[in-house]
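Chain and residue survey
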Amino acid sequence: MPYQNVNRPGIASMSLGRPWIHDLPGKLHQAARYGFEGIELFFDDLDCFAQYSCNGDVTEAAQRTRQLCESLGLTIICLQPFSFYEGLLDRKEHEKHVTEKLPRWFGIARILGTDLIQVPSNFLGADPETGLSRTSSDRALIVSDLQRIADLGLQQSPPFRFVYEALCWGNHIDTWEASWEVVEAVNRPNFGLCLDTFNIAGRVYADPASPTGKNPNAEADLKASIARLRDNVDPAKVFYVQVVDGERLAAPLDEKHEFHVPGQPTRMNWSRNARLFAFEEDRGGYLPVLDVAKAFFDIGFKGWVSLELFSRTLADPNPQTPQEHARRGSESYRKLVAALKLDGSYSQPSSPLQHRL
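Described below are features of the structure shown in this document. This one's a predicted model, so the numbers in the text were calculated from it and none came from an experiment.

A few words on helix 2 (residues 43-53). All of the buried residues along helix 2 are Asp45, Leu46, Cys48, Phe49 and Ala50. Turning to helix 2, the residues buried within the fold contact helix 1 (24-33), strand 2 (38-42), helix 3 (58-72) and helix 4 (91-112). One or two residues past the end of helix 2 sits Asn55, with phi positive at roughly 55°.

So, about the packing of helix 7 (residues 197-204) against helix 9 (residues 266-274). Think of two packed helices as two axes; the pair is described by the angle between the axes and how far apart they sit. Look at helix 7 against helix 9: their axes get within 12 Å of each other, and the N-to-C directions meet at 140°. One finds that helix 7 runs oblique with respect to helix 9. Both helix 7 and helix 9 take part in a crossing whose hand is right-handed. For the pair formed by helix 7 and helix 9, the contact residues are Phe198, Gly202 and Arg203 on the first element and Arg267, Trp270 and Ser271 on the second. The class makeup of the residues in the contact of helix 7 with helix 9 is two nonpolar, two polar and two charged.

Residues Gln80 and Pro81 are joined by a peptide bond in cis, for which omega reads -5°. Relative to the helices and strands, Pro81 is located in the loop between strand 3 (75-80) and helix 4. A cis amide bond links Ser157 with the next residue in sequence, Pro158, at an omega value of -5°. Within the secondary structure layout, Pro158 lies in the loop between helix 5 (139-155) and strand 5 (161-165). A positive phi angle is found at Asn55, which is not glycine, with a value near 55°.

Under the counting rule described, the total for this entry stands at 13 aromatic pairs. Ring centres 5.7 Å apart and planes at 80° place the aromatic pair Trp20 and Tyr52 in the edge-to-face group. Taken together, the positions of Trp20 in the loop between strand 1 (8-12) and helix 1 and Tyr52 in helix 2 put the pair 32 residues apart, joining distant regions of the chain. Where Phe198 meets Trp270, the ring centres are 4.8 Å apart and the plane angle is 40°; that geometry is what we call tilted.

This part is about the environment of Pro319. Its place among the elements puts Pro319 in the loop between strand 10 (304-307) and helix 11 (321-340). Separated by 160 residues in the primary sequence, Pro319 and Pro159 have C-alpha atoms spaced 39 Å apart.

Reported here for the largest pocket is a volume of approximately 460 Å³. Met14, Phe42, Pro81, Arg272 and Phe310 are the residues nearest the centre of the largest pocket, which is lined by 23 residues in total. At the level of elements, helix 2, helix 4, strand 4 (116-120) and helix 9 are the ones that each hand at least two residues to the lining of the largest pocket. Considered class by class, the residues forming the lining of the largest pocket number 11 nonpolar, five polar and seven charged. In this structure, the second largest pocket spans a volume of roughly 150 Å³. As for the second largest pocket, its lining consists of Tyr205, Glu219, Leu222, Lys223, Ile226, Ala227, Arg230, Pro288, Asp291 and Lys294.

Once that is clear, we can look at the pairing of strand 2. Burial of strand 2 is extensive: five of the five residues sit out of reach of the surface. Of the two faces of strand 2, the one holding Gly38, Glu40 and Phe42 and the one holding Ile39 and Leu41 are both buried throughout. The pairing of strand 1 with strand 2 spans three bridges and is parallel. Bridge pairing links Gly10 to Gly38 in strand 2.

Conventions and cut-offs
- Counting restarts for each chain, with residues numbered from 1 along the sequence as it is written.
- Owing to the predicted nature of the model, reporting of local features is limited to residues with pLDDT of at least 70; listing and counting of side-chain atom pairs is limited to 80 or more, with chain, interface and lining totals taken over all residues.
- Processing note: side-chain calculations cover all non-hydrogen atoms of the structure and skip hydrogens and water entirely.
- Burial status follows relative accessibility: with a 1.4 Å probe on protein chains alone, a residue under 20% of its type maximum counts as buried, one over 50% as exposed, and anything between as partly exposed.
- Under the scheme used here, helices are H or I runs from DSSP no shorter than 4 residues and strands are E runs no shorter than 2 residues, and both carry numbers assigned from the N terminus.
- In this description, contact between two residues means that some pair of their heavy atoms is separated by no more than 4.5 Å.
- All axes here are fitted lines through C-alpha atoms, helices being fitted over the stretch that makes contact, and every angle between N-to-C directions spans 0 to 180 degrees.
- For this classification, under 35 degrees means roughly parallel, over 145 means roughly antiparallel, 65 to 115 means roughly perpendicular, and everything else is oblique.
- It is the rotation of the near helix from the far one that decides the hand of a crossing: anticlockwise by less than a right angle makes it left-handed, clockwise makes it right-handed.
- Think of it as three bins: nonpolar holds Ala, Val, Leu, Ile, Met, Phe, Trp, Tyr, Cys and Pro, charged holds Asp, Glu, Lys and Arg, and polar takes everything else, Gly as well.
- Aromatic pairs are defined between Phe, Tyr and Trp rings, using the six-membered ring for Trp, whenever the two ring centres lie within 6.5 Å; interplanar angles under 30 degrees are classed as stacked, those over 60 as edge-to-face, and all others as tilted.
- Space inside and on the surface of the protein is sampled on a 1 Å grid over the protein atoms alone, with a cavity defined as a set of points where a 1.4 Å probe fits but cannot get out and a pocket as an open set with protein on both sides within 12 Å along at least 5 of 7 lines; lining residues have an atom within 4 Å of a point.
- Grid points are joined across faces, edges and corners, and a volume is the space filled by probe spheres set on the points.
- One requirement defines pairing of two strands: DSSP has to find at least two bridges between them.

Following this line, the structure appears as structure tokens:
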């Protein structure tokens, strides 16, 4: 489904509870119960399901996951994340991604019934022994690497698509502008863009290390970035969007902060602990999510609107954690539809004993 004529609500499996703490089938049931129609499936969730319920057999786990999703009326939007790929300086490691990992992912994605694999911009850390970077800033190499997997995807029958997302802590691609330039340079019909309100605003607007929580000139810079998005991005090349917020921290995220992890980018530490669903200002949400999201739909995007949330709250071992996050996400999506007057489908949450079939 490369381009849809309606907006549909999705959520990432990781956004309903932490793998190894909350089981995948339980999370899928809650997603369906609260009206979601699509799932971004994280490989860690699939691997966890395989280890706990399928004797370590990821193929069986994929088959059972697809069957369950079909019974619940859920579409698997994509398999993700195909991480630490483009621009690797270690070309032997690059070859392993292409010749070993990617064929496995093609097989798993085929079983799951999705044609889409998500590739986040590379954020591989420095070599722990030498302290030297393990990734290249050479845009030509980055583009060439991504062209290679796109071409391999086109050779499959039927073909696979790839969706590229700029993470706001990426080593070399950390803005939507940079990711769009890469997508245009890759220039393949099966290679497109994911636009994410958190990663866009989290880079140009927010600075969790600042006492203000914002960059200097945050409002003006974001306004200019949104204007560029409206003027340049082709909605047919946007394969899906993500809409979530971020928490305004009570104190700057420095080396004394509880979220700090040595050697990891500040925005990554913030993202892993403090994303929120849109419209959760009562929980500390402060990013201009609506301003960014409105631009997605104003350019003509229609398709999957996914809620990809990472948070410390997902590690709560309470069995109700997946249900609570599904409920919060459902409420957020309903408010988004109302605020932006979106055309799209949405099912009201069902009773605890029923699912949307």
